[in-house]
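# Remarks on the overall topology
Take a look at the letters that make up each chain.
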Amino acid sequence: PQKEEMKGQTKVTVAEWIYFSFFASHIFFTALFEPQLFFPAEYFPYIPCRAMMDMYMSYQDPMFTLRPYWFKSLVVSEILLQLPYFFVACYGIIYRKNWIRIPSIIYASSVCTSLIPILTEISTSSIPSFHNRIILICINLPYAIIPFLWGLKMVKDESPFSPKSKSIKKL
């Protein structure tokens, strides 16, 4: 009986597992790390938060050393808007829900837009050394590339999780 139930279901692809892992890990980082910009460290578990903060401070990340207000505003929008989306995205990927398409396009557009000033600040700031700037760009770039590819997939396919997804048009 179980084999018959599984017969009609489509397996999650490797790319979808990558997206799922990205969103699931982002839940952890967004909930435990980014609020440290606003609240004292004693409100957070010591080991993961201290490790992340040490990493950013050792590379002299201008976002976390200077803590500019425009960056804090992006973090607030990430906590209030993107954090709930991460749960929705994980659910939508695992259960292959096509309704995730429009929220995903909005998410990807927002993230790709907000990463432009962050990457610009990192690449032009005089605080980190050239070597540290390269490292920080490499750390942050996947947070632009993966949402961009996710958004591209959603723009391209009207039904991204159907076995025969219909492409709107070839890009």
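Up top you'll find the structure we're talking about.
Sequence order as written defines residue numbering, which begins from 1 separately in each chain. Since the coordinates come from a predicted model, pLDDT governs what is reported: local features require at least 70, and pairs of side-chain atoms require 80 or more to be given and counted, while whole-chain, interface and lining totals use all residues. Note that the side-chain values use all heavy atoms of the structure and ignore hydrogens as well as water.

### Overview of the overall build of the protein chain
The helix and strand tally for the protein chain stands at 8 helices and 0 strands. Secondary structure follows DSSP: runs of H or I at least 4 residues long count as helices, runs of E at least 2 residues long count as strands, and numbering of each begins at the N terminus. Helices (α) and strands (β) of the protein chain occur, in sequence order from the N terminus, as α-α-α-α-α-α-α-α. When a residue's accessible area, from a 1.4 Å probe over protein chains only, is under 20% of the maximum for its type it is buried; when over 50% it is exposed; and in between it is partly exposed. Each of the 171 residues in the protein chain was classed as buried or not, and the buried ones make up 36%. Contacts are residue-level and defined by heavy atoms, with any inter-residue pair within 4.5 Å sufficient. Across the protein chain, every contact between residues at least 6 apart in sequence was considered, and the portion connecting residues at least 24 apart equals 66%. Accessible area for the protein chain stands at about 10500 Å²; split by element, carbon and sulfur atoms hold 67% of it. Each accessible area is a Shrake-Rupley estimate made with a 1.4 Å probe; only the visible protein chains count as cover when residues are assessed.

### Side note on the nonpolar core
If you look at the biggest cluster of nonpolar residues, it comprises 31 residues, and the most contacted ones within it are Phe 23, Phe 64, Phe 71, Tyr 85, Phe 86, Tyr 107 and Trp 150. Mapped onto this core, the elements with two or more residues apiece are helix 2 (14-32), helix 3 (46-58), helix 4 (62-65), helix 5 (69-94), helix 6 (101-124) and helix 8 (142-156). Leaving out residues up to four positions away in the same chain, Tyr 107 has contacts with Phe 22, Phe 23, His 26, Gln 82, Tyr 85, Phe 86, Pro 147 and Trp 150. The set of buried Ala, Val, Leu, Ile, Met, Phe, Trp, Tyr and Cys residues whose side-chain atoms join them within 4.5 Å is what this entry labels a nonpolar core.

### Details of the environment of Asn 132
Tracing the chain through its elements places Asn 132 in helix 7 (residues 130-140). The spacing of Asn 132 and Ile 122 is 10 residues in sequence and 9.3 Å in space, taken between C-alpha atoms. Excluding anything up to four places from it in sequence, Asn 132 contacts Ser 58, Tyr 59 and Gln 60.

### Describing the packing of helix 6 against helix 8
Each axis is a line fitted through C-alpha atoms, and for a helix only the stretch in contact is used; angles between axes span 0 to 180 degrees, taken between their N-to-C directions. Direction vectors running N to C along helix 6 and helix 8 enclose 145 degrees, while the axes themselves pass 8 Å from each other. The way helix 6 lies across helix 8 gives a crossing that is left-handed. Only Tyr 143, Ala 144, Pro 147, Phe 148, Trp 150, Gly 151, Met 154 and Val 155 of helix 8 make contact with helix 6, whose side of the interface consists of Arg 101, Ser 104, Ile 105, Tyr 107, Ala 108, Val 111, Cys 112 and Leu 115. Handedness of a crossing is defined here by the sense of rotation of the near helix relative to the far one, left-handed for an anticlockwise turn of less than a right angle and right-handed for a clockwise turn.

Remember, this is a structural readout, not a statement about activity or role.
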